[in-house]
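Structural overview
So the chains spell out like this:
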Amino acid sequence: MSFPPKVKQEALRLSARHCCSCHRYKGVKMEVHHLVQEADGGANSLENAIPLCFDCHADAGHYNSRHPKGTKFSIPELTNARDDWYKLVSKKSIPEKLVISEHLQSSYYILHTLGILEKTLSKDFSSINKFRAKTYLASNEISSYWKDILKTHKKDFKWNVEQNLMVEMREFSSLEEYKSAYNNYSIVNKGAEDYPYYEATREVTWEELLQAKFPNSFVTLLSNSGFEARDICTALLRPNEDGCGDGNSSSAYIEYLEIAPLSFVFLGITNVSRKPIKLQLLKTDKQNHKLPNFNVLPMEMLLIPLSTVTNAFDIDRESICLEHTNGERGEDFSKVLNPININTDNIKNIGGKINPLSIIYNDNEGEYEVEIHKLDFNNLYSINSYWQCGSCPHLFYKTNDGLQRYSRELLVASSNKSGKDYFTIPPKVTHVIIRELEDEITYLDKVLINEIVVFENKVLNKGDFLEFKVNTNDKVEIIGKYVPFQNSISNTNDFWFRNQLIINSNKAYNKKGQLTT
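The sections below set out a description of the structure shown in this document. Keep in mind that what you see is a predicted model, and the values were worked out from it rather than measured. (Residues numbered from 1 in each chain as written. Predicted model: local features only at pLDDT ≥ 70, side-chain atom pairs only at ≥ 80, totals over all residues. Heavy atoms only, no water.)

**Focus on the overall build of the protein**
- A count of helices and strands for the protein gives 9 helices and 29 strands.
- Within the protein, the proportion of its 517 residues that are buried is 50%.
- Considering only intrachain contacts with a sequence separation of at least 6, the fraction spanning at least 24 residues in the protein is 73%.
- Just so you have it, the protein exposes about 25,300 Å², and 48% of that area is on carbon and sulfur atoms. (Helix = DSSP H or I, 4+ residues; strand = E, 2+ residues; numbered from the N terminus. Buried < 20%, exposed > 50% of the residue type's maximum accessible area, 1.4 Å probe, protein only. Contact = heavy atoms within 4.5 Å. Areas by Shrake-Rupley, 256 points an atom, 1.4 Å probe, with all protein chains shown as cover.)

**What to know about the nonpolar core**
- Core analysis: the largest hydrophobic core is formed by 62 residues, its most contacted members being Trp-146, Ile-149, Leu-209, Leu-257, Leu-279 and Ile-304.
- If we skip the residues at most four places from it in the chain, Leu-209 touches Met-169, Val-204, Phe-214, Asn-216, Val-219, Ala-229, Cys-233 and Leu-257.
- In terms of nonpolar packing, the next biggest core, distinct from the first, is built from 20 residues, Leu-236, Ile-254, Tyr-256 and Phe-313 among them. (Core = buried A, V, L, I, M, F, W, Y, C linked by side-chain atoms within 4.5 Å.)

**Quick notes on helix α5 (residues 141-157)**
- Over its 17 residues, α5 extends 24 Å from the first C-alpha to the last, a length consistent with the 24 Å expected when each residue adds 1.5 Å.
- Among the residues of α5, those classed as buried are Ile-142, Ser-143, Tyr-145, Trp-146, Ile-149, Leu-150, Thr-152, His-153, Asp-156 and Phe-157.
- On its buried face, α5 is in contact with α4 (114-121), β6 (166-172), α8 (217-223), β11 (262-271), β15 (300-310) and β18 (348-353).
- Regarding α5, its N-cap is Asn-140, as a side-chain oxygen of that residue lies 3.0 Å from the backbone nitrogen of Ile-142 further along.
- With its phi angle positive at about 75 degrees, Lys-158 sits one or two positions after the end of α5. (Expected span 1.5 Å × (residues − 1). Polar contact = N/O pair within 3.5 Å; in protein donor to acceptor, adjacent residues only side chain to side chain.)

**Thoughts on the packing of aromatic side chains**
- Under the counting rule described, the total for this entry stands at 15 aromatic pairs.
- Taking 5.3 Å as the distance between ring centres and 90 degrees as the angle between the ring planes, the aromatic pair formed by Phe-172 and Tyr-178 counts as edge-to-face. Judged on exposure class, the residue Phe-172 and its partner Tyr-178 are both buried.
- Centroid distance Tyr-178 to Tyr-182: 5.4 Å. Interplanar angle 70 degrees. Geometry classified as edge-to-face.
- Tyr-178 gets classed as buried once you look at its relative accessible area, which sits at 0%.
- Among the aromatic side chains, those forming a connected cluster through ring pairs are Tyr-195, Tyr-197, Tyr-198, Phe-396 and Tyr-406.
- In this structure, Arg-435 is placed above the aromatic ring of Phe-396, and the distance from its NZ or CZ to the ring centre is 5.8 Å.
- We note Arg-435 situated over the ring of Phe-465; from NZ or CZ to the ring centre the distance is 4.7 Å. (Phe/Tyr/Trp six-rings, centres within 6.5 Å; stacked < 30°, edge-to-face > 60°. Lys NZ or Arg CZ within 6 Å of the ring centre and 35° of its normal.)

**Some points on the environment of Val-219**
- On the secondary structure map, Val-219 appears in helix α8.
- In the structure, Val-219 is positioned 14 residues away from Cys-233 in sequence and 9.2 Å away in space, judged by C-alpha atoms.
- If we skip the residues at most four places from it in the chain, Val-219 touches Asp-156, Trp-206, Leu-209, Leu-210, Phe-214, Leu-257 and Ile-259.

**Considering the side chain of His-431**
- Note on placement: His-431 falls in strand β25 (residues 429-435).
- Look at His-431 and you get buried, because its relative accessible area is 15%.
- Here the side chain of His-431 touches Thr-430 through a polar contact of 2.9 Å, side chain to side chain.
- Ignoring anything within four residues of it in the chain, the contact list for His-431 reads Phe-396, Tyr-397, Lys-398, Glu-467, Phe-468, Lys-469 and Val-470.

**Quick notes on the packing of α4 against α5**
- Between α4 and α5, the least distance of the axes is 11 Å, while the angle of their chain directions is 125 degrees. For the element pair α4 / α5, the angle class is oblique. The handedness of the crossing between α4 and α5 is left-handed. Note on element contacts: α5 touches α4 through Ser-143, Trp-146, Lys-147, Ile-149, Leu-150, His-153 and Lys-154, opposite Leu-114, Leu-117, Glu-118 and Leu-121.
- For the contact of α4 with α5, the residue count by class is 6 nonpolar, 2 polar and 3 charged. (Axes fitted to C-alpha atoms, helices over the stretch in contact; angles between N-to-C directions. Parallel < 35°, antiparallel > 145°, perpendicular 65-115°, else oblique. Left-handed = near helix turned anticlockwise from the far one by under 90°. Nonpolar A, V, L, I, M, F, W, Y, C, P; charged D, E, K, R; others polar.)

**What to know about the pairing of strand β5 (residues 134-137)**
- Along β5, the buried face is formed by Thr-135 and Leu-137; none of Lys-134 and Tyr-136, which line the opposite face, is buried.
- Both β5 and β15 contribute to a ladder of 4 bridges, which runs parallel. Following the sheet pairing, Thr-135 is matched in β15 by Met-301. (Pairing = 2+ DSSP bridges.)

**Examining the sheet that holds β25**
- As summarised here, the arrangement of the 4 strands in space is β23-β22-β25-β28, forming an open sheet in which the pairing is antiparallel. Since the sheet does not close on itself, it has two edges, and those belong to β23 (404-409) and β28 (465-469), each with one partner. The sheet shows a mean angle of 25 degrees between the axes of neighbouring strands, taken without regard to direction.
- Here strand β22 (residues 394-399) runs beside β23; their pairing, made up of 5 bridges, is antiparallel. Paired with Lys-398 across the strands is Gln-404, a residue of β23.

All quantities given are derived from atomic positions and should not be read as evidence of function.
This is the structure:
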């Protein structure tokens, strides 16, 4: 005789139709095995039953002691395995744990642009679907925080295409007026790696910023991040008379508030198998998150919001571009993989963070748990819109210590038309370096030193430079123009990006002694 139907049903219920030996979910491919065989006096009772899959049942029931290979299942071993498994099932902790999954691929994604984030949260995955058959989005407390970011930013700045990185704070008629207004400022070293595009910096407090006159709903949200204002914001002073497209202010200097760029980290779970799977649970270091309970088809992906981070723009600077699509004003969507070691000291998480540990899923044959690798900013995918704005060529000095130092922009009023610029060489300067760092072409018709022509008809494309020797008090005259690749409306964000270009130029030159184009 076999087990009565009620005994079989109860045994399968207690095991959740998983094999008590190998722990795989087998559904209908299960058998109920006698621990003590009927021929040996075993009863058809629940106490003598153990649910096994076909493979394990064959091993347990058909072991040939006359031709032994391996080690036979013992009755106590099977009994203990069954009882332990029943306990796990009763605690709802039963998925099979895998080191590597043949069904899932987990990847981290980082977005740097509010416009792409806004599209993604509204379930417009056009920036991502070119890499996946279809994309879905999980909602959680992080995505709610992102919606607050978008709402407050749009309220203050009227748009969410890109984050407003620079906010005008105050105007000054002179550097002396600025110095008399504050006692916590620092004059910028033009050869430094932090703010060579500016004249001075100072720390700010949330109290000061929340009382400021500029729109501050966005800043108010950031003030609740748990960090000091100096960790996210910096006040920067720059001259107003020599910038490109700086506005119509008559003041000699303008102080701006720099807000650290925000980036948005997702976990992407992709079905890389050939059959549908169901994602059930994301385990984290704090709590478990239920996932949408539907079939994810092959090459479909679920995006799970994880965290908001600051100062992660370095990820894209020396990355490998895997795919690229042109957009307007540099809003070019690229899928990149970063091959260099990123310094993560300045990257901070604000507004909460989810640290994924593992994911539980079901392939309709078995239920599995697979570990998720830790977030590594050197190994993720980035989807960004890239800044593009023609400005002016940039003037650098090489000093007698061999270092490059930023001076200012050249030919400010000479966009698409020929003009002149003049400067006198200060002490300790040995070379002049004129660099084209932006999306434009600079045409240098003539370069004169003390009214003597030293160069003619030089053309500088993006990345090119012209370097020549000078002496203290030399009078240098530049005649020429720059032609941007496209017409664009300058905004204060351009200051932030130009500063990054100058930082990179100083860093590269001062490291190698010469920047090779």
